[in-house]
Every structure is written in structure tokens, then in C-alpha cells.
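Examination of the molecular architecture
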Amino acid sequence: MLKVITYPNQKLTKKTKHISRINEPVLKLIEKMKIVMYEYHGVGLSANQVGKNMALSIIEYNDENISDKNIPFLVLVNPKIIKKEKPYLTTEGCLSLPKQEFKVERYDKIELLNTDLNNNRSKIKTNGFLAQIIQHETDHLNGILLCNIAINNENI
Ligand SMILES: [Zn+2]
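Here goes a summary of the coordinates provided. This structure is a prediction, so every number in the text was calculated from the model and none was measured. (Residues numbered from 1 in each chain as written. Predicted model: local features only at pLDDT ≥ 70, side-chain atom pairs only at ≥ 80, totals over all residues. Heavy atoms only, no water.)

**Thoughts on the coordination of the zinc ion**
- Looking at the metal site, the zinc ion is ligated by Cys-94 (SG), His-136 (NE2) and His-140 (NE2), spaced 2.0 to 2.2 Å from it.
- Donor residues binding the zinc ion come from one chain and are separated in sequence as C-x41-H-x3-H. Residue Cys-94 is found in strand β4 (residues 80-94), and its partner His-136 is found in helix α2 (residues 128-141); the two are separated by 42 residues along the sequence. (Donors = N, O, S within 2.8 Å, 3.2 Å for Na, K, Ca; no water. Helix = DSSP H or I, 4+ residues; strand = E, 2+ residues; numbered from the N terminus.)

Following this line, the structure appears as C-alpha cells:
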């Protein structure tokens, strides 16, 4: 199984490479990343967290007790946030910064461009928890970690 790499590994702080086309190796990596995300009980995982230099993240959240928060499996490829509205403060953790929480600013409503597994690029509008995870994973792909954007550099 692939392992999640942790800060200060430099692979985490470098902007990831654009994926020119979804092909078989990319699809295989997605399947491997799924196993890692489930194993670590994460709600999202970016390719650079398993040492792969690609603008690719996966997201999924399932909790029978809070079904209104559930998020079906989603793949981000070359995601680009083009609009963000309604900032708020929240606390987040990260598999690459184990056992730590950071206070960060997120936006409740976002719009992004994303490529799907059929190589089609389209605009997604979303809000709330999914928007929060997308911002977290998009930061990863840009080489940004929670400890880089924490308010007051606070490690709660
Ligand atoms: Zn993270």
C-alpha cells in the first residue's frame, strides 16, 4: 500500500504537475489512493501526499449518523478555484500533519473548474463541507499546507 507522507517532506510543498490526460496509469493511481484514504480514514487525499507529483485529489465522506454531510466519491483533476464567497474561520486537520489542528479561513461558496474522468472540463459550484474539502485539497496541489495558512500561525 502507498503511504501518506508527512510534513516537512518537500513533495508536499511543491506545486504539482498538470495532468494532460486521464489514462490507465492515472486511473490505477486513483484506485491505490482510494485504499490509502479508507485506511487512514481521511475525507480527501491528494496525489502528492502519496509522493506522486500530479494535480490529482480524491474526496469522499460517508457517515451513517450525519447523512446530510455525506459526499459521494469525487475526483479532482487540475482543479482551479475561480470564485470564492463568504469567508469563515474553521479548524482543520490533515493526514500529512498528524495529530494537529489549525485555525484557517475558508469560503462557504466556491466555483471551480475541474476535469472529470472522461477528460471533460467543466464548472462546479458547491458550498459547505464539500467546498471546504475542495479548498483543502486544492491547496495541497498548490503545495500549500495548513501550517502555511494557519491564522496567527496557531497550532491549536
Ligand atoms: Zn491535507
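After that view, the rundown keeps rolling.
**Some details on the pattern of salt bridges**
- Counting across every chain of the model gives five salt bridges.
- Lys-34 is the partner of Glu-31 in a salt bridge, and the nearest nitrogen-oxygen pair spans 3.9 Å. On the criterion of helical spacing, the pair formed by Glu-31 and Lys-34 is a turn pair, its members being three residues apart in helix α1 (residues 24-40).
- A residue is classified by how much of its surface remains accessible, and Glu-31, at 44% relative accessible area, is partly exposed.
- In this structure, the salt-bridge partner of Glu-92 is Arg-106, at a minimum N-O distance of 2.8 Å. (Salt bridge = Lys/Arg side-chain N within 4 Å of Asp/Glu carboxyl O. Buried < 20%, exposed > 50% of the residue type's maximum accessible area, 1.4 Å probe, protein only.)

**Section: the environment of Asn-62**
- Among the secondary structure elements, Asn-62 is positioned in the loop between β2 (56-61) and β3 (71-77).
- Relative accessible area serves as the criterion here: at 56%, Asn-62 is assigned to the exposed category.
- For the pair Asn-62 and Ala-131, spaced 69 residues apart in sequence, the C-alpha separation works out to 16 Å.
- Of the polar contacts made by the side chain of Asn-62, one reaches the side chain of Glu-60; its length is 2.7 Å. (Polar contact = N/O pair within 3.5 Å; in protein donor to acceptor, adjacent residues only side chain to side chain.)

**Observations regarding unusual backbone geometry**
- A cis geometry characterises the amide bond from Tyr-7 onward to Pro-8, with omega recorded as 10°.
- If you trace the backbone, Pro-8 turns up in the segment before α1.
- Phi is positive for His-41, close to 55°, though the residue is something other than glycine.
- Mapped onto the elements of the fold, His-41 is located in the loop between α1 and β1 (44-46).
- For His-41, a relative accessible area of 72% puts it in the exposed group.
- A positive phi is found at Lys-99, a non-glycine position, where the angle reads about 60°.
- Its place among the elements puts Lys-99 in strand β5 (residues 97-115).

**A few points about the sheet that holds strand β6 (residues 121-127)**
- One open sheet holds the three strands; their spatial order is β4-β5-β6, and the pairing between them is antiparallel. The outermost strands of the open sheet, each flanked by one partner alone, are β4 and β6. Put simply, the sheet's adjacent strands are angled 35° from each other on average, direction ignored.
- One ladder, built from 12 bridges, connects β4 with β5; its direction is antiparallel. Bridge pairing in β5 places Glu-85 opposite Lys-109. (Pairing = 2+ DSSP bridges. Axes fitted to C-alpha atoms, helices over the stretch in contact; angles between N-to-C directions.)

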